[in-house]
Amino acid sequence: MSATETARPTKGPDTSRVVLSVRDLKKWFPIRKGLFSRVVGHVKAVDGVSFDIHAGETLGLVGESGCGKTTVGRTILRLNDPVTAGIAEFHGQDVFELQGGDLRALRRRMQIIFQDPYSSLNPRMTVESIVGEALTVHGMVANKKERRERVQDLLEKCGLDPIRHITRYPHEFSGGQRQRIGIARAIALEPELIVCDEPVSALDVSIQAQVINLLQRLQEEMGIAYLFIAHGLAVVEHISHRVAVMYLGRIAEIADTETLYANPVHPYTQALLSAIPSPDPDAPLNPHPLEGEVPTPINPPAGCRFHPRCRFAEDRCKSNTTPIPIYEVGPGHRVACILGENVDGAKRVGELVHGDDETSAS
Amino acid sequence: MTERGQARLLEVSGLQTEFVTDDGLVRAVDGVSFSVDRGEILGIVGESGCGKSVTNLSVMGLLPKPQGRIVGGSVFFDGRDLVGLPESELRSVRGNRIAMIFQDPMTSLNPYLRVEEQLVEVAELHMGLSRPEAVKRAVELLDRCGIPDAARRIRGYPHEFSGGMRQRVMIAMALLCDPDLLIADEPTTALDVTIQAQILELIKELRDERGMGVILITHDLGVVAGMCDRVLVMYAGRVVEEAAVEPLFATPGHPYTAALLRSVPTLDDEAHGKLQSIAGLPPRLDGGSFRQCTFLPRCALAHDACNEGDPELIEETPGRKRRCILPVEQVR
């Protein structure tokens, strides 16, 4: 696959160009037990997830710990091989079919930024080798001098000092600066998509703001699409064009950011939003706190997976005999919940099928 | 008992704490004063390294030894100064009267012991209960802290509990001896928002029930707004502002507080706008005195007069202190 450069947009998402299209993605981790490591069950971390990301767009992916959001990001980057089922088309090509050189070429165009700026940088490498390593590996620079210049450009772009910082080691930097090094490394190969896995969760609020602003500026300059995985809903609202809410391996609701935060339809989305502490002492207290915790993905609840914690659950939500409908309740706004039927103009566009648990997982 | 009701529960004045490090002396806490009443929740906010955790480790007498020591000030708890108290007496205060919960519930529980052992040990040691009494009390508290089927779950090991449940176990352990003061250091930072809401609600209910004082250390201003009665904003080892929660959020009196408030993305602000960040990093705290305002290099409102010495913490209106020479109307 040759990297054909197309003109990149400078501002806002280009909805006519889909960068990544994920359909029915499943990633089950086998649980092995006993002498012969017999497979006794599966952790269904991701269980039928579909979404598109457009050029220059940020898709936020939110949910509680263990909902599978990180697994989605890692699986589409081929860091969790093999995939259980589903496809992820990057510019029309299924990433799960790529091998060898083609896979390497893909990695150039899809990058990742990790949550922990402490463990994701090799402590024995200088900033120059951390950021420049990929440039050498992918043959994008001819010699050391050229590499140093490229790295200096990248550091400058990410708000680091290109002269003083380039020879230093990771321990000499603060958390925010380390995250900038991680970002410089991710953009070194001019990728089209970056999976940002909780990139600011480990940082102080004042530093968080600096890193978010940097990510937004880079997106405007380079037209990069982000899959922004986070549990901080306020941060996600700020940076994302569209947001998908995940619960127990499935997408509960997806919509453009404004709609999702203003008119959430799924009870889980509503509960998540009302649980955020507001920095306003006069704000009303959370009227319907969510009780209990996320059930285990090894043996998820029958029917709608959210029903044990749902205030609106009816009998038809609780068994596998009736599939959970997916409604399109507005342009690009889809919700996997029976409540979708009460929304004016809602259209049933599909359903979550149950009972496929016994199909063989490779 | 009447005496207990009158005195301030905790009165910290002029606390100074130093650490000996490879890079020299670090004065992590530099003249911090505050008080906590019974039934009050005091929030302490600030960036990493501002001294908020060290302040509370000093109060508890839990500074790492020999690197850390209190070099000045006093910590009056219920009328008695804890600074300089022998370890044996301090231990009877800690646990019995002051309890602490930490950010990471996994590292604060012993993974090899059943939850029952860990809870019962505390009750036997500090309250002199017999084993059956201690078990009964532990089960009661786990139940009160929202652990379903407590009598059975108490037999489990920490790894069998989820993050939120572990934090409930920690809170139950902290409450075993019915403490007068609970210090919660980032109690919900490692938890999801939905679980965070449950835990915060629990702490509030327990405060109402038992009338304990609570010190809540956090960097989440949303948590502060929802939970606290009064707030202490710390910067570079000092208090830069102290106020009741409503006035602090309505009209911050220090540029640092104002900047912190602006750097939080809120649900109703304009999406994709530029977030206000605070440029630069806090100063090094080498124990020397500051010849200028400590926040000056990062302050958007700085002017010439700010170079002339570090401002004092001044109580301008009752209950409201700030460390800034600008008139309060100009702070934004």
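Reference entry: report on the structure contained in this document. (Residues numbered from 1 in each chain as written. Chains lettered and ligands numbered in written order. Predicted model: local features only at pLDDT ≥ 70, side-chain atom pairs only at ≥ 80, totals over all residues. Heavy atoms only, no water.)

**Details of the overall build of chain B**
Applied cut-off: Segments assigned H or I by DSSP are reported as helices when at least four residues long, segments assigned E as strands when at least two residues long, and all are numbered from the N terminus. Atoms considered for the radius of gyration are the C-alpha atoms alone. The globule rule reads 2.2 Å times the number of residues to the power 0.38. Throughout, exposure labels follow a simple rule: accessible area from a 1.4 Å probe, protein chains only, divided by the maximum for the residue type, with under 20% read as buried, over 50% as exposed, and the rest as partly exposed. Whether two residues touch is decided by their heavy atoms; if any such pair falls within 4.5 Å, the residues are in contact. Accessible surface area values rest on a Shrake-Rupley calculation with a 1.4 Å probe, where residue burial reflects the displayed protein chains alone. Charge counting follows a simple rule: Lys and Arg are positive, Asp and Glu are negative, and His as well as the terminal groups are ignored. Lys charges are placed at NZ, Arg charges at CZ, Asp charges at CG and Glu charges at CD.
Along the backbone of chain B there are 11 helices and 12 strands. Since a compact globule built from 332 residues should have a radius of gyration of about 20 Å, the 21 Å found for chain B is in line with a globular shape. In terms of overall dimensions, chain B has C-alpha extents of about 70 × 50 × 45 Å along its principal axes. Counting every position in chain B, which comprises 332 residues, the buried fraction comes to 53%. Considering only intrachain contacts with a sequence separation of at least 6, the fraction spanning at least 24 residues in chain B is 65%. About 14400 Å² of surface is accessible on chain B, with carbon and sulfur atoms providing 51% of the total. Seen as two clouds, the 36 positive and the 48 negative side-chain charges of chain B have centres 2 Å apart.

**Observations concerning the packing of aromatic side chains**
Pairs of aromatic rings are described using the distance from one ring centre to the other and the angle between the two planes. Operational definition: Paired rings are identified among Phe, Tyr and Trp, the last through its six-membered ring, by centres lying within 6.5 Å, and are further divided according to the angle between planes into stacked (under 30 degrees), edge-to-face (over 60) and tilted (the rest). Placement of a positive charge over a ring is assigned whenever Lys NZ or Arg CZ falls within 6 Å of the ring centre and within 35 degrees of the normal to the ring plane.
Inspection of the entire model under this criterion finds six aromatic pairs over all chains. Plain terms: the ring middles of tyrosine 256 of chain B and phenylalanine 295 of chain B are 5.2 Å apart, the flat faces sit at 65 degrees to each other, and that makes the pair edge-to-face. In this pair, tyrosine 256 of chain B is assigned in helix H11 (residues 255-262) and phenylalanine 295 of chain B in the loop between H11 and strand S11 (314-317), connecting sequence segments 39 residues apart. For the pair tyrosine 256 of chain B and phenylalanine 295 of chain B, one class covers both residues: buried. Taken together, Tyr247, Tyr268 and Phe306 of chain A form an aromatic cluster joined through their ring pairs. A cation sits over an aromatic face here: lysine 44 of chain A above tryptophan 28 of chain A, 5.2 Å from the ring centre. A cation over a ring is seen here: arginine 153 of chain B above phenylalanine 161 of chain B, with NZ or CZ 4.3 Å from the ring centre.

**A look at the interface of chain A and chain B**
For clarity, the threshold we go by: The term buried area means the drop in 1.4 Å probe accessible area that two parts suffer when joined, counted for both and summed. By convention in these notes, a salt bridge is any Lys or Arg side-chain nitrogen within 4 Å of a carboxyl oxygen on Asp or Glu. Two N or O atoms count as a polar contact when they lie within 3.5 Å, although within protein this holds only if one can serve as hydrogen donor and the other as acceptor, and sequence-adjacent residues are included solely when both atoms are side-chain atoms. Residues are grouped as follows: Ala, Val, Leu, Ile, Met, Phe, Trp, Tyr, Cys and Pro are nonpolar; Asp, Glu, Lys and Arg are charged; every other residue, Gly included, is polar.
Listed as interface residues are 40 residues of chain A and, on the opposing side, 43 residues of chain B. Here chain A meets chain B over a buried area of about 3300 Å², counting both sides, of which 58% is carbon and sulfur. Counting across the interface, chain A meets chain B through zero salt bridges. Summed over the shared surface of chain A and chain B, the result is four residue pairs in polar contact (both at pLDDT 80 or more). Looking at the side of chain A that touches chain B, the elements that each hand over two or more residues are helix H6 (205-222), helix H7 (233-239) and helix H9 (267-274) of chain A. In terms of residue count, H6 of chain A provides more of the side of chain A that touches chain B than any other element does, eight residues in total. In the side of chain A that touches chain B, the residues fall into 18 nonpolar, 14 polar and eight charged.

**Considerations on the pairing of strand S9 (residues 230-235) of chain B**
All names here are of chain B. Heads up, the rule is: In short, DSSP must find at least two bridges between two strands for them to pair.
Among the six residues that make up S9, six are buried, leaving the element largely enclosed by the rest of the structure. Side-chain alternation along S9 places Arg230, Leu232 and Met234 on one buried face and Val231, Val233 and Tyr235 on a second face that is also buried. Bridging between strand S3 (residues 41-45) and S9 involves four bridges; their strand directions are parallel. Counted as the bridge partner of glycine 43 is valine 231 from S9.

**With respect to the sheet that holds strand S2 (residues 24-36) of chain B**
Residue and element names in this part refer to chain B. In plain terms, the rule: Every axis corresponds to a line fitted to the C-alpha atoms, with the helix fit spanning only the stretch in contact, and the corresponding angles, defined between N-to-C directions, vary from 0 to 180 degrees.
Taken in spatial order, the four strands of this open sheet run S2-S1-S4-S5, and their pairing is antiparallel. Whereas interior strands pair on both sides, the edge strands pair on one side only; in this sheet they are S2 and strand S5 (80-81). The sheet contact formed by strand S1 (residues 10-21) and strand S4 (residues 68-77) spans eight bridges and is antiparallel. Note that in S4 the partner of phenylalanine 19 across the bridge is glycine 68. Strands S1, S2 and S4 of the sheet are contacted by helix H2 (residues 52-60), whose axis makes an angle of about 110 degrees with S1.

**A word on helix H3 (residues 127-137) of chain A**
Residue and element names in this part refer to chain A. Looking only at H3, the buried set comprises Val127, Glu128, Ile130, Val131, Gly132, Ala134 and Leu135. Tucked inside the fold, the buried residues of H3 contact helix H4 (144-157) and helix H5 (175-187). Residue glycine 139 follows H3 closely and has a positive phi angle near 60 degrees.

**What to know about the environment of threonine 189 of chain B**
Residues and elements named next belong to chain B. Note that threonine 189 resides in the loop between strand S7 (181-185) and helix H8 (193-210). Sequence-wise, threonine 189 and aspartate 104 are 85 residues apart; in three dimensions their C-alpha atoms are separated by 8.3 Å. Setting aside its immediate chain neighbours within four residues, threonine 189 contacts Gln103 and His219.

**Topic: the sheet that holds strand S6 (residues 110-113) of chain A**
Residues and elements named next belong to chain A. Ordered in space as S6-S7-S8-S3-S9-S10-S12-S11-S13, the nine strands form an open sheet in which the pairing is mixed. Of all the strands in the sheet, just S6 and strand S13 (347-352) have a single pairing partner and so form its edges. Adjacent strand axes in the sheet meet at a mean angle of 20 degrees when their direction is disregarded. Where helix H2 (residues 100-109) meets the sheet, its contacts fall on S6 and strand S7 (193-197), and the angle it forms with S6 comes to roughly 55 degrees. Seen against the sheet, H5 touches S6 and S7 and runs at an angle of roughly 175 degrees to S6.

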